[in-house]
Structures are given as structure tokens and as C-alpha cells.
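# Examination of the molecular architecture
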Amino acid sequence: MVYTFIVIINKKAMKILSYVLVILVTVGSVIYYGCDDAGIIPTPHPSGNITLKPSNLKPLNQGVDGWYHLWIALDTASQREWFSAGAFNISSGGTLVDLSGAPTTLRFTGDTNRLTQSAHALITIEKDIVFAPGSLRLISGPLSIASDSIYGSMKMSGLEAFDSMGVRLIGDDNNCPTTSPNNYATGYYILQSPTTSNADCLKGLWFSDISGNSGFTPGLNVPIALGWTYEAWVVQNSTQTFHSLGRFTSFNQADSDGPGSCPGASPVDPFNSVPGQEYAAGCSNNSNLNNGDYGVFITIEPINESGTSLNSPFPVKLFSREVIQSSLNCGVLDWYFRSLSKDCLMPYALVKIAH
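Residues numbered from 1 in each chain as written. Predicted model: local features only at pLDDT ≥ 70, side-chain atom pairs only at ≥ 80, totals over all residues. Heavy atoms only, no water.

### Thoughts on the packing of aromatic side chains
- Per the counting criterion, the structure on display carries 18 aromatic pairs.
- Measuring from ring centre to ring centre gives 5.2 Å for Phe248 and Phe251, while their planes differ by 70°; the resulting arrangement is edge-to-face. For the residue pair Phe248 and Phe251, the accessibility class agrees, reading buried in each case.
- Aromatic rings pair up to connect Tyr189, Phe207, Phe216, Tyr230, Phe248, Phe251, Phe319 and Phe337 into one cluster. (Phe/Tyr/Trp six-rings, centres within 6.5 Å; stacked < 30°, edge-to-face > 60°. Buried < 20%, exposed > 50% of the residue type's maximum accessible area, 1.4 Å probe, protein only.)

Okay, structure coming up:
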């Protein structure tokens with residue numbers, strides 16, 4: 001027996017069915033064309049998600065030095081507003097971690113609909129929960145807007161960081177880490193002990209020539225308002241023992257402790273107008289600084305440091321001579337004391353924000 005079924009669909013039902021078919025085709029197209037070549041739907045990047053790629057940012061001892069904080073500035077009608085993008089640290093492997101040491105990602109905390117007003121990125125050093133950037137501004141840079149993101153690079157020469165002093169320090173054409181810069185800052189030092197009439201000249205170090213004249217690139221003075229100061233250090237490489245040579249904001253003035261705690265009896269003129277110290281290896285040792293075991297470097301340090309943080313170098317080195325050469329005799333200039341920018345070792349970061 002043959003049965004014949006006749007389905008009658010009225011005009012209203014046909015119209016609804018056509019709408020359903022259109023929706024199904026559209027959804028199917030979105031899913032198909034949204035997949036990659038392997039048929040896998042790509043991971044979405046919600047507005048406000050941040051990709052940060054740091055170079056030469058060192059791990060911070062959070063209880064001593066604090067931590068890093070990324071900020072994004074939005075500019076409207078000549079008014080700048082800063083928004084947090086998160087606190088973070090750097091692992092021993094160079095990756096971003098949160099303040100408990102777990103891998104982390106950063107996110108813009110402001111109104112993501114305003115991301116097209118993004119103007120500047122900044123990384124500061126903080127020691128507390130804050131809602132605006134503090135004075136310890138390390139690297140910064142302007143942001144550009146693309147069709148799908150905001151991006152830029154941050155350097156010490158950024159306007160919101162060290163500005164013109166940073167330009168002199170790292171060179172105004174610094175494109176690290178991809179190319180080496182030119183016009184990086186240079187200086188020199190000598191082994192000399194003017195307070196002993198140079199009787200122990202291999203046991204003192206001064207950032208000058210034998211007449212007490214500084215040879216550092218001009219324009220490196222640190223404005224007090226920045227919240228930073230220089231500090232010079234001698235390191236005994238075999239033991240990683242650090243000895244401070246004093247703090248200073250200018251290479252043309254005495255440092256915070258003059259010739260040190262155990263100089264000789266002779267006056268130090270003209271060396272009282274440059275940073276340096278006698279018996280820099282430590283008064284108990286009095287080792288010759290050119291014995292192959294010592295190096296010298298200069299860091300940038302928070303000006304308001306106290307307690308245990310005063311006893312160790314801040315992780316940002318600016319100048320370095322890893323080993324004082326055995327051929328460096330009394331009063332001879334070491335011309336190879338230069339900004340770490342020469343070797344692309346200054347703090348630097350790339351940032352990208354989805355919008």
C-alpha cells in the first residue's frame with residue numbers, strides 16, 4: 001500500500017522558516033571563516049588585553065626594591081589620565097610574573113572604549129598599592145594606534161622617564177634590542193689615593209683624571225625631582241661582595257661620603273669635586289683593585305632608600321667595567337667605562353594593547 005503525505009505550510013510559517021535558514025547560514029559562515037587553516041577557532045583577544053615584551057628588566061627583590069607597575073595614559077583636550085595595567089615582577093627566566101611569582105598577563109583597567117585615546121606607556125617602581133604613577137619612573141614611550149591595537153616601545157629616554165638625561169645616557173638613536181646605538185654616554189676613572197699622597201694609589205678609585213676633572217658625557221645630572229640618584233660600586237667578583245663608593249647626582253661634585261670612611265691624612269683637593277673613594281676594596285683588605293678580581297659599576301638608585309636596600313646595588317646598571325684590568329696602573333685613565341647602552345643592555349620594553 002502506498003501512502004502519500006501532503007504537507008501544507010502557510011505563508012507565515014514559510015517566512016519564519018526562511019529567517020531561520022538565513023541565521024543558520026550566517027552562523028555557519030562565521031564559524032568557518034573564523035577558523036584557521038586547521039579548522040580551529042583562533043583564541044580571541046578581548047579589548048584591553050596587553051602583550052608586554054621586556055628586555056633587560058631584572059628581577060626585583062620585592063621586600064627590598066619593590067616591583068614594576070605598567071601604566072597607560074589617555075589624553076583628552078590636553079588633559080592626561082593614567083590607568084593601571086597591573087603590577088608585576090620578572091622571573092629568573094625573564095618572563096612576567098605576578099607578585100606571588102606565578103605567570104601573569106596584564107590588562108588595561110580603564111574604559112576600553114577609550115583606548116583610541118591612548119597616548120603614552122610607562123613603567124614605574126612601586127613599593128605599595130598605588131592608584132597613580134609614583135616618582136620612580138624607569139622607562140616610557142609614546143603609543144601609536146593601529147586598526148586592531150595600540151603599540152609602542154618604552155626606553156629610559158622617554159618623556160615620562162629620564163627624558164633628556166636619558167637621551168644623553170643611551171644615545172638619541174637607540175633602537176635596541178635590534179640594533180646597537182650610537183652616541184652612548186662615556187666616562188673614565190683612575191686608580192689613585194690622593195689622601196695618602198698616592199702612596200696606596202692602587203687602593204682608591206676616582207671618576208676623574210689625575211687633576212680631578214670629570215670626563216663623563218655632559219648632561220647626565222639627575223634632577224632630584226625624579227626620585228633617583230647614582231651610586232658607584234666596586235665588586236669583588238670571586239665572592240660577589242659589593243662595596244659602595246658613594247651616592248651622587250652629578251659627575252662634577254663630591255659623592256655622599258667623600259673619600260670614604262678610612263682615608264689618609266692628606267687633603268683631597270682637587271678630588272673633592274668628583275665621586276670616588278680610597279681603599280675601595282674595603283679598609284680591612286686594602287687589596288689592589290687591579291689584581292683581576294674587581295670590577296666597577298654605577299647604578300641608578302631610589303633616592304629615598306633605607307634599611308637593607310642601602311647595602312646592595314639596585315638591579316639597574318648604567319655603566320660597567322666587569323673587570324678592572326691588571327694593566328691599569330696608578331693615574332692611568334680607563335677609557336672603556338661606558339654606558340651599557342653600547343651593548344643594548346639598558347631597560348627596554350615593547351607593549352601592545354588590543355582594542
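The structure having been displayed, the exposition proceeds.
### Regarding the sheet that holds strand S12 (residues 241-248)
- Read across the sheet, eight strands follow the order S12-S11-S14-S15-S16-S9-S10-S13 without closing on themselves; strand pairing throughout is antiparallel. Every interior strand has two partners, whereas the edge strands, S12 and strand S13 (276-278), have only one. The average angle at which neighbouring strand axes cross in this sheet is 25°, direction not considered.
- Here strand S10 (residues 204-206) pairs with S13 via three bridges, running antiparallel. In the sheet register, Trp206 faces S13, and the bridge partner there is Gly276. (Pairing = 2+ DSSP bridges. Helix = DSSP H or I, 4+ residues; strand = E, 2+ residues; numbered from the N terminus. Axes fitted to C-alpha atoms, helices over the stretch in contact; angles between N-to-C directions.)

### A few points about the pairing of strand S1 (residues 49-55)
- One ladder, built from two bridges, connects S1 with strand S5 (residues 106-107); its direction is antiparallel. Paired with Ile50 across the two strands is Leu106, which belongs to S5.
- Two elements, S1 and strand S17 (residues 348-354), share six bridges in a ladder whose sense is antiparallel. Bridge pairing in S17 links Thr51 to Lys352.

### Some thoughts on the side chain of Thr124
- With respect to the helices and strands, Thr124 occurs in strand S6 (residues 118-126).
- There is a polar contact of 2.7 Å between the side chain of Thr124 and the side chain of Glu126.
- Residues contacting Thr124, with those up to four places away along its chain left out, are Trp67, Tyr68, His69, Trp71, Pro133, Gly134, Leu136, Arg137 and Leu138. (Polar contact = N/O pair within 3.5 Å; in protein donor to acceptor, adjacent residues only side chain to side chain. Contact = heavy atoms within 4.5 Å.)

### What about helix H2 (residues 163-170)?
- Here H2 has its buried residues at Met165, Gly166, Leu169 and Ile170. The arc that holds every buried residue of H2, seen down its axis, measures 115°, which confines them to one face.
- Elements that come into contact with the buried residues of H2 comprise strand S8 (149-155), strand S11 (228-236), strand S15 (317-321) and strand S16 (334-339).
- Once H2 ends, the next one or two residues include Gly171, with phi positive near 95°. (Arc of directions from axis to C-beta.)

### Quick notes on the sheet that holds strand S2 (residues 67-76)
- Read across the sheet, nine strands follow the order S4-S3-S2-S6-S7-S8-S17-S1-S5 without closing on themselves; strand pairing throughout is antiparallel. Of all the strands in the sheet, the pair left with one neighbour each is strand S4 (96-97) and S5.
- As judged from the five bridges shared by S6 and strand S7 (residues 137-145), these two strands associate in the antiparallel manner. By the bridge assignment for S7, Ala121 is matched with Gly141.

### Thoughts on the nonpolar core
- Ranked by internal contacts, the top residues of the largest apolar core, which has 66 residues, are Phe88, Ile123, Leu205, Phe207, Tyr230 and Phe319.
- The contact partners of Phe88, leaving out residues within four places of it in the chain, are Leu52, Leu57, Trp67, Tyr68, His69, Leu70, Leu96, Val97, Leu99, Leu106 and Ile123. (Core = buried A, V, L, I, M, F, W, Y, C linked by side-chain atoms within 4.5 Å.)

### Regarding the environment of Glu278
- By the element assignment, Glu278 lies in strand S13.
- Taking the C-alpha atoms as reference points, Glu278 and Lys203, separated by 75 residues in sequence, lie 6.2 Å from one another.
- Setting aside chain neighbours within four positions, we find Glu278 in contact with Gln192, Ser193, Pro194, Thr195, Thr196, Lys203, Gly204, Trp206, Pro259 and Pro263.
- Side chain to side chain, Glu278 and Thr195 meet in a polar contact 3.2 Å long.

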